[in-house]
Amino acid sequence: MRIALATAALLFVTTTPALAADTDRLVWDSDEHAHPTQGRSGTWTPPELFSAREHPGNMIRIKGESPDGREYLMIELTRHDGQRITEGSHEDQKVLVVNRGLGWVDEAGDFDVDHVAYGSDGQISEFDAAIEHHYLDEPDTTFRAKVSYRR
């Protein structure tokens with residue numbers, strides 16, 4: 001599984017257009033049959049279009065909106081054991097993706113957190129991660145996101 005995630009992340013990074021900055025962005029892409037995003041993609045940057053916050057239950061919620069306001073995306077990451085999400089690889093965990101009012105939970109999603117830091121107020125101040133969400137185990141249903149957030 002880890003090899004597949006690394007291969008998919010490498011493919012995603014090499015097929016995604018290069019951005020000027022390595023931080024403050026949410027880049028996402030999905031296969032044609034991925035639920036609920038069905039082949040759509042986006043690249044959004046803060047401050048007004050993108051946020052990452054920790055919520056009760058140790059869930060991290062990433063939200064983004066396209067500059068024209070037509071596309072809205074929310075990703076929620078949760079560990080099954082209820083522990084706080086830390087740096088490292090988290091396989092077979094709960095990942096919720098919501099797009100255009102429709103949501104789909106993957107109870108066996110994968111996310112790699114490269115960096116997470118908290119400010120003096122306890123809120124996330126920095127967050128870097130790669131996320132994969134699947135629709136069951138069917139081919140061509142993978143949603144991928146790369147997050148680099150600074151507040």
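As a reminder, the structure under discussion sits directly above these lines.
Residues numbered from 1 in each chain as written. Predicted model: local features only at pLDDT ≥ 70, side-chain atom pairs only at ≥ 80, totals over all residues. Heavy atoms only, no water.

J.: What should I look at first to understand the packing of aromatic side chains in this one?
T.: How two aromatic rings sit relative to each other is given by the distance of their centres and the angle of their planes. Evaluation of the coordinates by the stated rule reveals four aromatic pairs. Three or more aromatic residues link up through ring pairs in this structure, and these residues are W28, W44 and F143. (Phe/Tyr/Trp six-rings, centres within 6.5 Å; stacked < 30°, edge-to-face > 60°.)

J.: Sorry, what's going on with the side chain of S30 here?
T.: Turning to its location among the elements, S30 is positioned in strand 1 (residues 25-30). Here the side chain of S30 touches T37 through a polar contact of 2.9 Å, side chain to side chain. In this structure, S30 is in contact with T37, Q38, G39, R40, T142 and F143, ignoring residues within four places of it in sequence. (Helix = DSSP H or I, 4+ residues; strand = E, 2+ residues; numbered from the N terminus. Polar contact = N/O pair within 3.5 Å; in protein donor to acceptor, adjacent residues only side chain to side chain. Contact = heavy atoms within 4.5 Å.)

J.: Honestly, the side chain of D31 in this entry has me stumped. Any pointers?
T.: If you trace the backbone, D31 turns up in the loop between strand 1 and strand 2 (42-44). On the accessibility criterion, D31 (18% relative accessible area) is buried. Side chain to side chain, D31 and R144 meet in a polar contact 3.0 Å long. Sequence-distant contacts of D31, that is, excluding residues within four places in its chain, are made with Q38, G39, D140, T141, T142 and R144. (Buried < 20%, exposed > 50% of the residue type's maximum accessible area, 1.4 Å probe, protein only.)

J.: Sorry if this is basic, but what is going on with the environment of T141 here?
T.: Checked against the element boundaries, T141 lands in the loop between strand 8 (124-134) and strand 9 (142-150). By relative accessible area, which is 2% here, T141 ends up buried. Separated by 111 residues in sequence, T141 and S30 have C-alpha atoms that sit 7.3 Å apart. In this structure T141 touches D31, H33, A34, H133, H134 and Y135, once residues within four positions along its chain are discounted. Among the polar contacts made by the side chain of T141, one reaches the main-chain carbonyl oxygen of E138 at a distance of 2.7 Å.

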